[in-house]
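Now for the letters of each chain:
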Amino acid sequence: MINVLLISDYNRPDILRQFIKCNDVFNFSILYFKDDSFEKNDLPPFKKYYWNQFSSSYDVLKKLNPKKIILADIESFYEVALNLACKKKNIPVFLIDHGMRHKMEIDLAYKFYEKKAVSNVVKKIDSKLSYSSISTIIFTLRSLRLHNFFKLHKILFFFYIRRKNHLTLALHKCQYEFRRPNYYLCISEEVNKFYIYRDGISKDRIINIGNPDQDTFYNNFADEPINGDHYLLIDSPHLEIDRYQVVRKDKTNFIHKINQFCLKKEKKLFIKLHPISYKTDDLVIHSNIVYLRDVKFESFVNNTIAVFGFASSLMVPFIYIRKSCLFKLGDWAFQNNVENIGVCQILDFYTFTKEDISFNIKTRTNKSLSKFEKMYVYKADGNSLSRMKKFIIDTL
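Throughout what follows, the structure given in this document is the object of discussion. Sequence order as written defines residue numbering, which begins from 1 separately in each chain. A pLDDT threshold of at least 70 governs which residues receive local features in this predicted model, and a stricter bar of 80 or more applies before side-chain atom pairs are shown or counted, although totals over entire chains, interfaces and linings include all residues. To get the side-chain values, take all heavy atoms of the structure and skip hydrogens and water.

## Description of the packing of helix α9 (residues 189-199) against helix α14 (residues 366-377)
For helices, the fitted line uses only the C-alpha atoms of the stretch in contact; every axis is such a line through C-alpha atoms, and the angle between N-to-C directions lies from 0 to 180 degrees. The helix and strand labels rest on DSSP assignments: H or I over at least four residues marks a helix, E over at least two residues marks a strand, and numbering proceeds from the N terminus. Viewed as axis vectors pointing N to C, α9 and α14 meet at an angle of 30 degrees, and their least axial separation amounts to 5 Å. It follows that α9 is roughly parallel to α14 by the angle criterion. On α14, the residues that touch Glu 189, Glu 190 and Val 191 of α9 are Lys 374, Met 375 and Tyr 376. Class assignment for the residues of the contact of α9 with α14 results in three nonpolar, no polar and three charged. By the definition adopted for this analysis, an angle is roughly parallel if under 35 degrees, roughly antiparallel if over 145, roughly perpendicular if from 65 to 115, and oblique otherwise. By the convention used here, residues are in contact when the closest approach between their heavy atoms is within 4.5 Å. Charged means Asp, Glu, Lys or Arg here, nonpolar means Ala, Val, Leu, Ile, Met, Phe, Trp, Tyr, Cys or Pro, and polar covers whatever is left, Gly included.

Following this line, the structure appears as structure tokens:
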């Protein structure tokens, strides 16, 4: 068993599932910011530690003795300090991609955030990452060694930029080696362009593996619905995150129109909420609507007739295995590319009517699906987890 330290949010089972499946080869410890709500959560089944239990990044490495480090990104002061220590100790660090990213996200961040105040919601979501206190400063300073002081001005600049800017802007403005892991394990060719652009890295650090959390879609799901009794909406947190610029009236109207389509077909509407929306209590209530939170898709998706959604990572396998309808909202690269490929219907979020919805897309062919697979799935073989495990094990 290989000791692996996982830097990850305790309360994101959608991210942690793939690592739980690796318990046969990796002995995981998990490290993050202390969150009292996690103490009530059974996930994950790893040894749990908090940053405030350690005096420095070298203290972390000494006490936990990891042979590998896995994280979702290097964006907090603690993560930068740990990455510096790992480079000194020759411990490989792996960033494992967990969502649909595109370099357009950075351009939109400059457009939307650079001259505007970050909303209270974004600040709240980002607070754990930008956490700054005396203890944080002390931890970071204790993690520096003599050779680090030659780059101290860059580290201090990162601290300043990180605190004064929205996260995406700060990371793009600080393309420094101390912020870069050894390898980026990415979902696909199209997605890895985000990290090349944001972090200023070369392609030799990129390893495309697919999405390990979505292997089950390609292994277990029927090509056609077995007993279609519902339509599924993969929702996005439009009201919780202000970059979407969607008001409640428009979101409510959107849900009602889709539900009217389902009622006409005499089918239920299942709505899978985004994790950010799990605690939202102001949802559209109707007897025909069923809301889903942390669910196992294999328990019902073989009965899903077709899927509605937006530009999100969870829509990728559904677009590939089911007839789908993507709603266009803003200028997102994913929805634009999907429209050009022609694998599903594209409708405008604001102006569509229930009569517009049709899942009979003539351009959905083996050729268009193959192009979509290359861009966003990598390989629809259900072996992404095996590729991830092998690369981490083989990397010294």
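Having seen the model, we can carry on.
## A few points about the pairing of strand β6 (residues 183-186)
Each pair of strands is called paired provided DSSP finds at least two bridges between the two strands. With three bridges connecting them, strand β5 (residues 93-96) and β6 associate as parallel partners. Following the sheet pairing, Leu 95 is matched in β6 by Tyr 184. Taken together, the three bridges between β6 and strand β7 (residues 206-208) define a ladder with parallel strand orientation. Paired with Leu 185 across the two strands is Ile 207, which belongs to β7. Handedness of the crossover is the feature at issue here: the chain leaves β6, passes through α9, returns alongside β7, and the resulting connection is right-handed. Here a crossover is taken to be right-handed if, once the strands point away from the viewer, the path from the first strand over the helix to the second is traced clockwise.

## Here we look at the sheet that holds β7
Read from one edge to the other, the open sheet built from seven strands follows the order β3-β2-β1-β4-β5-β6-β7, with strand pairing classed as parallel. Edge positions in the open sheet fall to β3 (47-50) and β7, since each of these has one partner strand only. Within this sheet the neighbouring strands show an average axis-to-axis angle of 25 degrees, counted without direction. Pairing geometry for strand β1 (residues 2-7) and strand β4 (residues 68-71), over four bridges, is parallel. Residue pairing across strands places Val 4 opposite Lys 68, the latter belonging to β4.

## Things to note about the pattern of salt bridges
Whenever Lys or Arg places a side-chain nitrogen within 4 Å of a carboxyl oxygen from Asp or Glu, that contact is recorded as a salt bridge. Using the criterion set out here, one finds 19 salt bridges in the structure. The shortest N-O distance in the salt bridge between Lys 193 and Glu 190 comes to 3.2 Å. Note that Lys 193 and Glu 190 are positioned in helix α9 at a spacing of three residues, about one turn of the helix. Relative accessibility thresholds used throughout: buried, under 20% of the residue-type maximum; exposed, over 50%; partly exposed, between the two (1.4 Å probe, protein chains only). Given a relative accessible area of 36%, Lys 193 falls into the partly exposed group. By relative accessible area, which is 9% here, Glu 190 ends up buried. Taking the shortest distance from any N to any O, the salt bridge between Arg 198 and Asp 199 comes out at 2.7 Å. On the accessibility criterion, Asp 199 (0% relative accessible area) is buried.

## Structural notes on the nonpolar core
Among the nonpolar cores identified, the biggest contains 65 residues, and Ile 7, Phe 19, Phe 28, Ile 70, Leu 82 and Met 388 are the most heavily contacted of them. What we call a nonpolar core is a set of buried Ala, Val, Leu, Ile, Met, Phe, Trp, Tyr and Cys residues that are connected through their side-chain atoms within 4.5 Å. Counting residues in hydrophobic clusters, the runner-up holds 31 residues, among them Met 100, Phe 300, Ile 319 and Met 375.

## So, the side chain of Asp 73
Residue position: Asp 73 is located in the loop between β4 and α3 (77-89). Look at Asp 73 and you get buried, because its relative accessible area is 7%. Polar contact criterion, stated in full: a pair of N or O atoms within 3.5 Å, where within protein one must be able to donate a hydrogen and the other to accept it, and residues adjacent in sequence count only if both atoms are side-chain atoms. Engagement of the side chain of Asp 73 in a polar contact is seen with the side chain of Arg 198, the distance being 2.7 Å. Not counting residues up to four positions away in its chain, the partners in contact with Asp 73 are Glu 79, Leu 95, Leu 171, Arg 179 and Arg 198.

## Quick word on the environment of Ile 74
Its location among the elements puts Ile 74 in the loop between β4 and α3. Distance in space between the C-alpha atoms of Ile 74 and Leu 95 is 8.0 Å, their sequence separation being 21 residues. Apart from the residues lying within four places of it in its own chain, the contact partners of Ile 74 are Glu 79, Val 80, Asn 83, Val 93, Leu 171, Phe 178, Arg 179, Arg 180 and Pro 181.

## Focus: the packing of aromatic side chains
Two aromatic rings, drawn from Phe, Tyr or Trp (for Trp, its six-membered ring), form a pair once their centres lie within 6.5 Å of each other, and the interplanar angle then sorts them: stacked below 30 degrees, edge-to-face above 60, tilted otherwise. For the structure on display, the rule yields 43 aromatic pairs. Ring geometry for Tyr 184 and Tyr 195: centres 5.5 Å apart, planes at 50 degrees, overall tilted. Linking Tyr 184 in strand β6 with Tyr 195 in helix α9, this pair joins segments that are 11 residues apart in sequence. Relative accessible area serves as the criterion here: at 0%, Tyr 195 is assigned to the buried category. When the ring of Tyr 231 is compared with that of Phe 261, the centres are 5.2 Å apart and the planes differ by 70 degrees; the resulting orientation is edge-to-face. Of the two residues, Tyr 231 is situated in strand β8 (residues 230-234) and Phe 261 in helix α11 (residues 248-264); the sequence distance between them amounts to 30 residues. The exposure class of Phe 261 is buried, given its relative accessible area of 6%. An aromatic cluster is present here, built from Tyr 231, Phe 254, Phe 261, Phe 308, Phe 310, Phe 327, Phe 349, Tyr 350, Phe 352 and Phe 359 joined pairwise through their rings. Lying across the ring of Phe 352, Lys 257 places its NZ or CZ 4.1 Å from the centre. Charge-over-ring contacts are defined here by two conditions on Lys NZ or Arg CZ: a distance within 6 Å of the ring centre and an angle within 35 degrees of the ring normal.

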